[in-house]
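Overview (structure and organization)
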Amino acid sequence: MTTAAPVASRAAAPNRPADVIFKAISTTAGVLILVALAGVAIFLVAQAVPAIIGPLPEDDSFLAWVWPLTFGTLWSAFLAMVIAVPLAIAIALFITHFAPRRLAQGLGYLIDLLAAIPSVIYGLWGITVLAPFMQPAYAWLADNLGWLPLFTPPASGTGRTILTAAIVLAVMVLPIITALCREIFLQTPRLNEEAALALGATRWEMITMAVLPHGRSGIIASSILGLGRALGETMAVAMVLASAGAVTFVLVGSQNPSTIAANIALRFPEAHGITVNMLIGSGLVLFAITLVVNGVSRWIIAKTTVDGGR
């Protein structure tokens, strides 16, 4: 009799009004997200079809028109992640395992505050401070390392290059990746860290053996969130980047590719006719890129979790 009552109460628990209401709210929220996502996809496809199948101005094809924008979007986001991810991991490790407690708290708050700065402010900072500051460095790279394809001369005279835009994007995604990595590193089991130190490992060896493997999936997830921000950033890139619609890997030149989001922001206010469909079509491409990136990231995280569990 004493064991039957708890079993009966647990069986009846899911039928309580609170559980029923919570389940209904959760299910409704999940369905609404899917419906909203499907609605966005349907709208983009419907509006992009005229640009995809119809004639465009100057006898240009939609693929030829959107390819430079897609390249610029992927290239700038890639450069931003190359800069931001190692820096964010290093800052998170310093805050969690090296810095004194007071310094760690202050530095953590400072990094978090970067996320509250509007993108327009980042754009103004990139134009007025970063671009003039980096221009002599670009000239030096073009003069001394111009034999490398990334630094082919001539260098930009204003400093408003794809590399400058990537640095601005890296600063913008830095607080997202750093904050998540910091919380992930703090979740590392204390016993694992103490065991590594007890075996004679240095602090860095302990981090490589215990902290980084434990937070591997979280690092990937935080990086993907930062990548999503970099892919969709609009105003900062539109303000900083002096784009010419070129498809080039040169980091210091004046002929730079544009991005999809920045191009939409700059051209949509004056767009009309088929141009609107072209811009919405480019938005569809960005939407597809985001879905692919998130899908691949979920697969990587799942595979990493399974392999780590083994």
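Thresholds, definitions, all that
Residues numbered from 1 in each chain as written. Predicted model: local features only at pLDDT ≥ 70, side-chain atom pairs only at ≥ 80, totals over all residues. Heavy atoms only, no water. Helix = DSSP H or I, 4+ residues; strand = E, 2+ residues; numbered from the N terminus. Rg over C-alpha atoms; globule rule 2.2 N^0.38 Å. Buried < 20%, exposed > 50% of the residue type's maximum accessible area, 1.4 Å probe, protein only. Contact = heavy atoms within 4.5 Å. Areas by Shrake-Rupley, 256 points an atom, 1.4 Å probe, with all protein chains shown as cover. Lys, Arg positive; Asp, Glu negative; His and termini not counted. Charge placed at Lys NZ, Arg CZ, Asp CG, Glu CD. Phe/Tyr/Trp six-rings, centres within 6.5 Å; stacked < 30°, edge-to-face > 60°. Expected span 1.5 Å × (residues − 1). Arc of directions from axis to C-beta. Core = buried A, V, L, I, M, F, W, Y, C linked by side-chain atoms within 4.5 Å. Axes fitted to C-alpha atoms, helices over the stretch in contact; angles between N-to-C directions. Left-handed = near helix turned anticlockwise from the far one by under 90°. Nonpolar A, V, L, I, M, F, W, Y, C, P; charged D, E, K, R; others polar.

So, about the overall build of the protein. Broken down by element type, the protein carries twelve helices and zero strands. Going from N to C terminus, the protein has its helices and strands arranged as α-α-α-α-α-α-α-α-α-α-α-α. Expected size for 310 residues packed as a compact globule is a radius of gyration near 19 Å; at 24 Å, the protein overshoots this value by more than 25%. When each of the 310 residues of the protein is scored for burial, the buried share is 40%. Sequence-distant contacts, at least 24 apart, represent 79% of the contacts inside the protein between residues at least 6 apart. When the accessible area of the protein is evaluated, it comes to approximately 17,100 Å², of which 71% is carbon and sulfur surface. Side chains of the protein carry 15 positive and 13 negative charges; the gap between the two charge centres is 14 Å.

The subject of this paragraph is the side chain of Thr73. Tracing the backbone through its elements, the reader meets Thr73 in helix 3 (residues 62-98). For Thr73, the contacting residues outside a window of four places in its chain are Leu231, Ser258, Thr259, Ile260 and Leu286.

Moving on: the environment of Ile95. Tracing the sequence through the fold places Ile95 in helix 3. Overall, Ile95 belongs to the buried group, its relative accessible area being 9%. Sequence spacing of Ile95 and Leu186 is 91 residues, and the spatial spacing of their C-alpha atoms is 9.8 Å. When residues no more than four places from it in sequence are discounted, the contact partners of Ile95 are Ala104, Leu107, Gly108 and Arg182.

Under the definition given, this model contains five aromatic pairs. Aromatic side chains Trp67 and Phe71 sit 6.0 Å apart centroid to centroid with 55 degrees between the ring planes, which places their arrangement in the tilted category. Taken together, the residues Trp67 and Phe71, both in helix 3 and four residues apart, mark about one turn of the helix. On the accessibility criterion, Trp67 (44% relative accessible area) is partly exposed. Residue Phe71 is classed as buried on the basis of its relative accessible area, which comes to 8%.

To continue, consider helix 8 (residues 203-214). The first and last C-alpha atoms of helix 8 sit 16 Å apart over twelve residues, in line with the 16 Å expected at 1.5 Å per residue. Among all positions in helix 8, only Met206, Ile207, Ala210 and Val211 are buried. Buried positions in helix 8, seen along its axis, are confined to an arc of 120 degrees and lie on one side of it. The inward-facing, buried residues of helix 8 contact helix 3, helix 6 (162-186) and helix 7 (190-198).

Turning our attention to helix 9 (residues 216-232). For helix 9, with 17 residues, the first-to-last C-alpha span of 25 Å sits near the 24 Å given by 1.5 Å per residue. Buried within helix 9 we find Gly218, Ile219, Ser222, Ser223, Ile224, Gly226, Leu227, Ala230 and Leu231.

A word on the nonpolar core. Ranked by size, the top nonpolar core spans 72 residues in total, and within it Ile177, Phe185, Leu251 and Val252 carry the most contacts. Top contributing element to this core by residue count: helix 3, with 18 residues. Discounting chain neighbours no more than four positions away, the residues touching Val252 are Tyr138, Leu141, Ala142, Leu150, Phe151, Thr152, Pro154, Ala155, Ser156 and Thr161. Grouped together as the second largest cluster of nonpolar side chains are five residues, Leu44, Ile280, Leu284 and Phe287 included.

One can describe the packing of helix 3 onto helix 6 by two numbers: an axis separation of 6 Å at closest approach and a directional angle of 35 degrees. Regarding helix 3 and helix 6, the two cross each other, and that crossing is right-handed. Of the residues contributing to the contact of helix 3 with helix 6, the split by class is 25 nonpolar, four polar and one charged.

Geometric descriptors of this kind do not, in isolation, establish any biological role.
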